[in-house]
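What follows is the residue order along each chain.
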Amino acid sequence: MTTIDQTYLVILGAAVIQASENARVLAQHGDNQLGRPWTAHPGLRNWDGNLTRIGHHNPDAFVAEANSLLPDHMYVDRAHHWHAHLNNGQWTRCAPNADGAIPLTIAITQTRGD
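Remember, it's a predicted structure, so these values are computed and weren't measured experimentally.

Visitor: What is the right way to read the side chain of His83 from this model?
Guide: Locating His83 in the fold gives a position in strand 4 (residues 74–87). Those residues within four positions of His83 in sequence are excluded, and the remaining contacts are His56, Thr92, Arg93, Cys94, Ala95, Pro96, Ala101, Ile102 and Pro103.

Visitor: What is the right way to look at unusual backbone geometry in this model?
Guide: Most of the time, phi is negative for any residue but glycine, and the peptide bond is trans. Unlike most non-glycine residues, Asp48 shows phi in positive territory, near 55°. Mapped onto the fold, Asp48 is located in the loop between strand 2 (44–47) and strand 3 (50–54). By relative accessible area, which is 66% here, Asp48 ends up exposed. Phi is positive for Asn88, which is not a glycine, with a value near 55°. You can see Asn88 is positioned in the loop between strand 4 and strand 5 (90–93).

Visitor: Help me understand the packing of aromatic side chains, please; the structure alone is not making it clear to me.
Guide: For any pair of aromatic rings, geometry is given as the distance between the ring centres together with the angle between the planes. For the coordinates displayed, the defined rule picks out zero aromatic pairs. Sitting over the ring of Trp82, Arg93 keeps its end group 3.9 Å from the ring centre.

Visitor: Please clarify how the pattern of salt bridges should be interpreted in this entry.
Guide: Oppositely charged side chains can pair when the atoms bearing their charge come close. The full count for this structure, using the stated rule, is two salt bridges. Taking the shortest distance from any N to any O, the salt bridge between Glu65 and Arg53 comes out at 2.6 Å. In this pair, Glu65 sits in helix 2 (residues 59–69) while Arg53 sits in strand 3, placing the two residues twelve residues apart along the sequence. A relative accessible area of 29% places Glu65 in the partly exposed class. Its relative accessible area of 16% is what places Arg53 among the buried residues. Across the pair Asp77 and Arg78 runs a salt bridge, and its minimum N-O distance is 3.0 Å.

Visitor: Explanation requested: the side chain of Thr52 in the structure shown.
Guide: Relative to the helices and strands, Thr52 is located in strand 3. Thr52 sits in the buried class, given a relative accessible area of 0%. At 3.4 Å, the side chain of Thr52 and the backbone oxygen of Asn50 are in polar contact. Beyond its immediate chain neighbours, meaning those up to four positions away, Thr52 contacts Leu34, Gly43, Leu44, Arg45, Trp47, Phe62, Leu104, Thr105 and Ile106.

Visitor: I would appreciate a short explanation of the nonpolar core in the present structure.
Guide: One recurring pattern in soluble globular proteins: nonpolar side chains tend to sit buried together. Grouped together as the largest cluster of nonpolar side chains are twelve residues: Ala23, Ala27, Leu34, Trp47, Ile54, Trp82, Ala84, Trp91, Ile102, Leu104, Ile106 and Ile108. The leading source of residues in this core is strand 6 (residues 102–111), at four residues. Residues in contact with Ile108, not counting those within four places in the same chain, are Asn50, Tyr75, Val76, Asp77, Arg78 and His80.

Visitor: Explain the pairing of strand 5 to me, please; I cannot follow it from the model alone.
Guide: Along a regular strand, successive side chains alternate from one face of the sheet to the other. Sheet analysis places strand 4 next to strand 5, joined by four bridges and oriented antiparallel. Bridging from a neighbouring strand, Ala84 pairs with Arg93 of strand 5. Remark: two residues form the turn of the hairpin made by strand 4 and strand 5, two consecutive strands paired antiparallel; Asn88 in that turn has positive phi of roughly 55°.

Visitor: Which parts of the structure should I look at to understand the environment of Thr92?
Guide: Following the sequence through the fold, Thr92 ends up in strand 5. In contact with Thr92, not counting residues within four places along its chain, are Trp47, His83, Ala84, His85 and Asn87.

What counts as what
- Residues numbered from 1 in each chain as written.
- Predicted model: local features only at pLDDT ≥ 70, side-chain atom pairs only at ≥ 80, totals over all residues.
- Heavy atoms only, no water.
- Helix = DSSP H or I, 4+ residues; strand = E, 2+ residues; numbered from the N terminus.
- Contact = heavy atoms within 4.5 Å.
- Buried < 20%, exposed > 50% of the residue type's maximum accessible area, 1.4 Å probe, protein only.
- Phe/Tyr/Trp six-rings, centres within 6.5 Å; stacked < 30°, edge-to-face > 60°.
- Lys NZ or Arg CZ within 6 Å of the ring centre and 35° of its normal.
- Salt bridge = Lys/Arg side-chain N within 4 Å of Asp/Glu carboxyl O.
- Polar contact = N/O pair within 3.5 Å; in protein donor to acceptor, adjacent residues only side chain to side chain.
- Core = buried A, V, L, I, M, F, W, Y, C linked by side-chain atoms within 4.5 Å.
- Pairing = 2+ DSSP bridges.

By themselves, these are just geometric observations and shouldn't be taken as functional.
Written out as structure tokens, the structure is:
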């Protein structure tokens, strides 16, 4: 029976965590940022017309926060957890286990019809 080298597993785990952290930093500060930062509200981004926060956050709390910040003619009806990664220079949705995947909380923004 082969004994697994625990040091190797620790190093491998640290490399995976560092790659994920590097992807998060690039999404916020790199040349190919995910969406546009909402300068009035640090930590929030606009990606494909929806409010986005990098990381997985409580969806109900994010809906409430987003609704309190949006202008009167807009609202958020729900939020989702997604993952995205850079694919040929573009951020695209992906599986959570895809290379370079970062977790996102997306607030689906709507315009009021009244």
